[in-house]
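# Residue-level structural notes
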Amino acid sequence: MAVVIIITIVIVSLVGFSGYLFYRYVLYDIICKNSVNSTLKKYNIEKTQFEIIFEYYKIKGNKLSKREISKLEKYYRQNDPEQFLLMYDTIREEFKNSGKKF
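Here is what the cut-offs are and how they apply
- Residues numbered from 1 in each chain as written.
- Predicted model: local features only at pLDDT ≥ 70, side-chain atom pairs only at ≥ 80, totals over all residues.
- Heavy atoms only, no water.
- Phe/Tyr/Trp six-rings, centres within 6.5 Å; stacked < 30°, edge-to-face > 60°.
- Buried < 20%, exposed > 50% of the residue type's maximum accessible area, 1.4 Å probe, protein only.
- Axes fitted to C-alpha atoms, helices over the stretch in contact; angles between N-to-C directions.
- Helix = DSSP H or I, 4+ residues; strand = E, 2+ residues; numbered from the N terminus.
- Parallel < 35°, antiparallel > 145°, perpendicular 65-115°, else oblique.
- Contact = heavy atoms within 4.5 Å.
- Nonpolar A, V, L, I, M, F, W, Y, C, P; charged D, E, K, R; others polar.
- Expected span 1.5 Å × (residues − 1).
- Arc of directions from axis to C-beta.

## Remarks on the packing of aromatic side chains
As enumerated under the stated definition, the model contains 4 aromatic pairs in all. Where Tyr 76 meets Phe 84, the ring centres are 6.2 Å apart and the plane angle is 80°; that geometry is what we call edge-to-face. Judged by relative accessible area, which is 10%, Tyr 76 ranks as buried. Among the aromatic residues, those joined into a cluster by ring pairs are Tyr 75, Tyr 76 and Phe 84.

## Digging into the packing of helix H1 (residues 2-42) against helix H3 (residues 66-79)
It is at 9 Å that the axes of H1 and H3 come closest, and there the two elements cross at 80°. Classified by the interaxial angle, the pair formed by H1 and H3 is roughly perpendicular. On H3, the residues touching Tyr 28, Asp 29, Cys 32, Lys 33 and Val 36 of H1 are Lys 74, Arg 77 and Gln 78. Of the residues assigned to the contact of H1 with H3, the class counts are 3 nonpolar, 1 polar and 4 charged.

## Observations concerning the environment of Gly 19
Along the chain, the position of Gly 19 falls in helix H1. Overall, Gly 19 belongs to the partly exposed group, its relative accessible area being 36%.

## Let's talk about helix H4 (residues 83-98)
With 16 residues, H4 extends 22 Å from end C-alpha to end C-alpha; this agrees with the ideal 22 Å at 1.5 Å per step. Along H4, the residues that are buried comprise Gln 83, Phe 84, Met 87, Tyr 88 and Ile 91. All buried residues of H4 project into a common sector of 135° when viewed along the axis, lining one side. In H4, those exposed residues whose orientation departs by more than 90 degrees from the buried face are Lys 96 and Asn 97. Those residues of H4 hidden inside the fold are in contact with H1, helix H2 (49-59) and H3. Following H4 by one or two positions, Gly 99 adopts a phi angle in the positive range, close to 85°.

Written out as structure tokens, the structure is:
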């Protein structure tokens, strides 16, 4: 009888833990990505998250690899989503000040 209870507890624990990991590493990122994309769309920003980060760091003089940009994209998306709007404003101001077409 005790073996059945222990096996049930172990199975439920494994299912719960795997569900948490799925949520934390897959579903949460998808939700965050949709949220940031809808915010960018709300403000009529046609650039992707990747493009915003790439251009921002290019203006700042940092040359980042695609992998580094992807890591930053995920970090900003999950931890600091309003940073995309701030970076976009910086990019827009830089183009306005340089006289280039945005």
